[in-house]
Amino acid sequence: MIPPAFEYARPASVDEAVRTLADAGEEAKVLAGGQSLLPLLRLRLAFPELVVDVGRIPELRGVREDGGTLVIGAMTTHHDVIADPLVRRHAGLLAAATATVADPAVRHRGTLGGSLAHADPAGDLPAVALALDAELVAAGPDGRRTIPAREFFVDYLQSALRPDELLVEVRIPKTDGWGFHYEKFSRVAQDWAMVGVAALVRRDDGHIAEARIGLTNMGSTPLRASAAEEALAGADADGVARAARSAAEGTRPSADPSASPEYRAHLARVLTRRAVLAAAGMG
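A quick note: this is a predicted structure, and the numbers were derived from the prediction, not measured.

Participant: Can you lay out the nonpolar core for me, pointing to particular residues and giving the numbers?
Facilitator: Val87 and Leu94 are the most contacted members of the largest nonpolar core, which has 37 residues in total. A per-element tally of this core places helix H8 (residues 124-131) first, with five residues. With near-sequence residues (within four places) excluded, Leu94 lies in contact with Ile72, Val81, Val87, Leu112, Leu125, Val128, Leu132 and Ile172. In terms of nonpolar packing, the next biggest core, distinct from the first, is built from 29 residues, Val240, Ala265, Leu267 and Ala275 among them.

Right, here's the structure in full:
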């Protein structure tokens with residue numbers, strides 16, 4: 001289909017982009033890698049009067065260290081996230097999950113910030129951001145503010161970003177010494193995850209000392225499997241199976257032609273067990 005007509009702006013800096021968004025109000029959409037926005041435009045599910053292309057702003061790309069935190073520019077592509085040695089060393093879960101996103105063509109164009117700002121609960125990376133306790137930094141007319149990932153995802157395709165704000169960076173605490181694994185189930189390769197599980201595990205004396213579990217496609221936002229996380233404290237391999245039974249507690253999975261809510265809940269329990277065992281090296 002042919003997208004609706006819109007105006008186009010390509011700011012050269014974050015400040016210029018923020019001014020452009022502020023002037024446009026709610027009638028503007030930000031174009032990052034375009035892997036989410038362009039399909040919406042073609043299907044006429046979005047009708048912006050202005051598209052603000054931030055792809056040429058150099059300060060929005062790259063990975064750097066800030067003490068115990070990795071700072072990743074919002075326009076850093078999935079491919080660059082996967083290949084970056086700092087990400088692979090200090091945030092292996094992010095690299096592993098990003099490697100499962102769509103296909104190589106999408107990973108070379110799509111961006112970390114674009115995926116998070118799109119706030120699709122079926123996307124792989126929002127749940128990973130939750131498990132990593134990430135923080136998202138937004139720039140607006142009044143300066144910058146930091147939003148914890150647990151507060152960033154508001155509803156289906158809705159984030160805490162205001163219309164005049166631009167996501168500029170993602171801050172991820174280093175998880176050195178933690179085991180990690182991302183497990184998902186899709187009907188066909190490169191499809192959206194029917195359910196996905198992002199697991200981080202810290203072991204002590206052969207048992208799980210702490211676990212963090214992010215769930216993909218188990219509600220209108222990405223979720224943490226809080227009940228399973230609590231049950232995993234002190235668990236051995238047998239305890240993992242028992243704890244995983246509570247993975248779907250507090251979730252509200254949708255019903256669609258791909259799966260019923262009951263089947264998604266079943267997948268959450270099965271995939272949580274697999275992901276935690278793999279992350280803990282108990283599998």
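There is more to say after this.
Participant: Please give an account of helix H12 (residues 261-280) that cites residues and values.
Facilitator: For H12, with 20 residues, the first-to-last C-alpha span of 28 Å sits near the 28 Å given by 1.5 Å per residue. Turning to H12, its buried residues number three or more, namely Arg264, Ala265, Leu267, Ala268, Val270, Leu271, Thr272, Ala275, Val276, Leu277, Ala279 and Ala280.

Participant: Tell me about empty space enclosed by the protein, and name the residues and values.
Facilitator: Here the structure, examined in full by the defined rule, presents one cavity of 30 Å³ or more. As for the largest cavity, its lining consists of Leu94, Leu112, Leu116, Leu125, Val128, Ala129, Leu132, Ala134, Val170 and Ile172. Tallying contributions element by element places H8 first for the lining of the largest cavity, with three residues.

Participant: Talk me through the packing of aromatic side chains; I want residue IDs and the actual numbers.
Facilitator: Aromatic ring pairs: the centre-centre distance and the angle between the two ring planes describe each pair. Under the criterion given, the structure shown has one aromatic pair. Measuring from ring centre to ring centre gives 5.2 Å for Phe152 and Phe153, while their planes differ by 85°; the resulting arrangement is edge-to-face. On the accessibility criterion, Phe152 (0% relative accessible area) is buried. Taking the ring centre of Trp178 as reference, the NZ or CZ of Arg212 above it sits at 4.6 Å.

Participant: Please provide a residue-by-residue account of the sheet that holds strand S2 (residues 28-31), values included.
Facilitator: The three strands are arranged S1-S3-S2 in an open sheet whose pairing can be described as parallel. Bordering the open sheet on either side are strand S1 (7-9) and S2, each of which pairs with just one other strand. Along the sheet, successive strands turn relative to each other by an average axial angle of 25°, direction set aside. In this structure, S1 lies alongside strand S3 (residues 50-53), joined through three bridges in parallel fashion. In the strand pairing of S3, Tyr8 is matched with Val51.

Participant: Which residues make up the UniProt feature "domain: FAD-binding PCMH-type" (unreviewed entry) in the protein chain, and what values do they have?
Facilitator: Residues annotated by UniProt as "domain: FAD-binding PCMH-type" (unreviewed entry) correspond here to residues 1-177. The span residues 1-177 shows a helical share of 34% and a strand share of 25%, and its end C-alpha atoms are spaced 49 Å apart.

Participant: I'd like a rundown of the layout of surface pockets, residues and numbers included.
Facilitator: A volume near 220 Å³ is recorded for the second largest pocket. Contributing to the lining of the second largest pocket are 14 residues, with Ala32, Asp53, Gly55, Arg61 and Arg109 lying nearest its centre. Looking at the lining of the second largest pocket residue by residue, the class counts come to four nonpolar, five polar and five charged. Among the domains, domain 1 (7-52) and domain 2 (61-172) are the pair contributing at least three residues each to the lining of the second largest pocket.

Participant: Would you mind going over the sheet that holds strand S13 (residues 207-216) in detail, with residue names and values included?
Facilitator: Ordered by their spatial adjacency, four strands build an open sheet running S11-S12-S13-S14, and the pairing between neighbours is antiparallel. Each having just a single partner strand, strand S11 (179-185) and strand S14 (223-224) make up the two edges of the open sheet. Helix-sheet contacts for H12 involve S11, strand S12 (195-204) and S13, and the interaxial angle to S12 is about 35°.

Definitions and cut-offs
Residues numbered from 1 in each chain as written. Predicted model: local features only at pLDDT ≥ 70, side-chain atom pairs only at ≥ 80, totals over all residues. Heavy atoms only, no water. Core = buried A, V, L, I, M, F, W, Y, C linked by side-chain atoms within 4.5 Å. Buried < 20%, exposed > 50% of the residue type's maximum accessible area, 1.4 Å probe, protein only. Helix = DSSP H or I, 4+ residues; strand = E, 2+ residues; numbered from the N terminus. Contact = heavy atoms within 4.5 Å. Expected span 1.5 Å × (residues − 1). 1 Å grid on protein atoms, 1.4 Å probe; cavity = no way out; pocket = protein on both sides within 12 Å on 5 of 7 lines; lining within 4 Å. Points joined across faces, edges and corners; volume = space filled by probe spheres on them. Phe/Tyr/Trp six-rings, centres within 6.5 Å; stacked < 30°, edge-to-face > 60°. Lys NZ or Arg CZ within 6 Å of the ring centre and 35° of its normal. Pairing = 2+ DSSP bridges. Axes fitted to C-alpha atoms, helices over the stretch in contact; angles between N-to-C directions. UniProt positions renumbered as here; feature names shortened; annotations may be inferred. Nonpolar A, V, L, I, M, F, W, Y, C, P; charged D, E, K, R; others polar. Domains from an automatic or database assignment.

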